[in-house]
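For reference, the chains in residue letters:
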Amino acid sequence: RFHHTSTSQMCSCSKTVSDEKYQDPFQLGRKDLKNLYEDIKKELLVSTAELREMCEYYFDGKGKAFRPMIVVLMARACNIHHSNSREVQASQRSVAIIAEMIHTASLVHDDVIDDANSRRGKMTVNQIWGERKAVLAGDFILSAASLALARIGNTTIISVLTQVIEDLVRGEFLQLGSKENENERFAHYLEKTFKKTASLIANSCKAVSILGCPDPKVHEIAYQYGKNVGIAFQLIDDVLDFTSCADRLGKPAAADLKLGLATGPVLFACRQFPEMNAMIMRRFSKPGDVERARKYVLQSDGVQQTTYLAQRYCHEATREISKLRPSPEREALIQLTEMVLMRDK
């Protein structure tokens, strides 16, 4: 597929920054993520069997635990930078658990809003238990995350991670609206992408850096790395909606168009095919709109341009994290920016 060839040619940022040997982020982060899902389930202890089953449904250990892994790697990179300590503190690992819980609660709620019927290759919570119960399950996971956050006992960390929940709500509202002005449209899309996807990674990275190191410069490096990786991750997600088949994705392809969403590939394609403007404004609601818009995107350079944009964000993430003292964890975080670009699901 297209973006595979383009990224392998273009993004060699980690090779220029790092002379150290290749660090597999998943191998390095594994020790600290052991029993992650069991620990999350302990946070979700509830009296009713049905609510517990719903809350545990996505914590089946089959996810890649991408967000918690970034968080523990960032924790170790900051600890090494500050005090040469290779250990992840218990409070930093708690942030990784909380980040995964907030993320999963947002998925449960998103699926209700989108009336989605599949996620990660299986039926959604709302399809199995109904919308009302799904909303409550998402709320319950958030409340359990809030309790875990309070137990860390650090007011700065509480305010940093509470910001994530606010951003998720604001991002969802942004997604429900659309801009008439084409110039404002891209800014609107990137702001929505930050709030819905990148804020969680940025603020979780910032939280573990605060716990591990008193230097505000390091907090900013951690935040900027998370923000840039998070935006790139979502941009590639939006590309895959056009280039990957449904069974690879674990959810239907062209799902965003069916929801009426104009993502990066669509907005770039619109410059070559202005007739898409009307479709964007009516949120692809007329019969045939989705198929026509998909065809325009694939005929345009929308996929390519969105991939280039993701590469720029990854390059920026690499530039930021390279300011930390060298460590295997720092190299793994650099490697992760490449993995974000190369993923195919």
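Residues numbered from 1 in each chain as written. Predicted model: local features only at pLDDT ≥ 70, side-chain atom pairs only at ≥ 80, totals over all residues. Heavy atoms only, no water.

Enquirer: Can you break down the overall build of the chain residue by residue, with the values?
Expert: Along its length, the chain carries 19 helices and 2 strands. Here the C-alpha radius of gyration of the chain, 20 Å, is about what a compact globule of 345 residues would show, namely 20 Å. The C-alpha extent of the chain, read off along each of the three principal axes, is 55 × 55 × 35 Å. Of the contacts formed within the chain by residues at least 6 apart in sequence, a portion of 75% connects residues at least 24 apart. Counting only carbon and sulfur atoms, one obtains 52% of the accessible surface of the chain, whose full area is about 15200 Å². The chain carries 47 positive and 43 negative side-chain charges, and their two centres are separated by 2 Å. (Helix = DSSP H or I, 4+ residues; strand = E, 2+ residues; numbered from the N terminus. Rg over C-alpha atoms; globule rule 2.2 N^0.38 Å. Contact = heavy atoms within 4.5 Å. Areas by Shrake-Rupley, 256 points an atom, 1.4 Å probe, with all protein chains shown as cover. Lys, Arg positive; Asp, Glu negative; His and termini not counted. Charge placed at Lys NZ, Arg CZ, Asp CG, Glu CD.)

Enquirer: Describe helix α7 (residues 90–114), with residues and values.
Expert: The terminal C-alpha atoms of α7, which comprises 25 residues, lie 36 Å apart, in line with the 36 Å expected from a rise of 1.5 Å per residue. Burial of α7 is extensive: 21 of the 25 residues sit out of reach of the surface. A positive backbone phi angle near 50° is found at Asp-115, which sits one or two residues after α7. (Expected span 1.5 Å × (residues − 1). Buried < 20%, exposed > 50% of the residue type's maximum accessible area, 1.4 Å probe, protein only.)

Enquirer: Describe in detail the packing of helix α6 (residues 66–83) against helix α19 (residues 328–342), supporting the description with residues and values.
Expert: Contact pair α6 / α19: the axes reach a minimum separation of 8 Å and the direction vectors enclose 150°. The angle between α6 and α19 places the two elements in the roughly antiparallel class. Seen from above, α6 lies across α19 with left-handed handedness. Contacts between α6 and α19 involve Phe-66, Met-69, Ile-70, Leu-73, Met-74, Arg-76, Ala-77 and Ile-80 from the former and Glu-329, Arg-330, Ala-332, Leu-333, Leu-336 and Val-340 from the latter. Taken together, the residues that form the contact of α6 with α19 break down as 11 nonpolar, no polar and 3 charged. (Axes fitted to C-alpha atoms, helices over the stretch in contact; angles between N-to-C directions. Parallel < 35°, antiparallel > 145°, perpendicular 65-115°, else oblique. Left-handed = near helix turned anticlockwise from the far one by under 90°. Nonpolar A, V, L, I, M, F, W, Y, C, P; charged D, E, K, R; others polar.)

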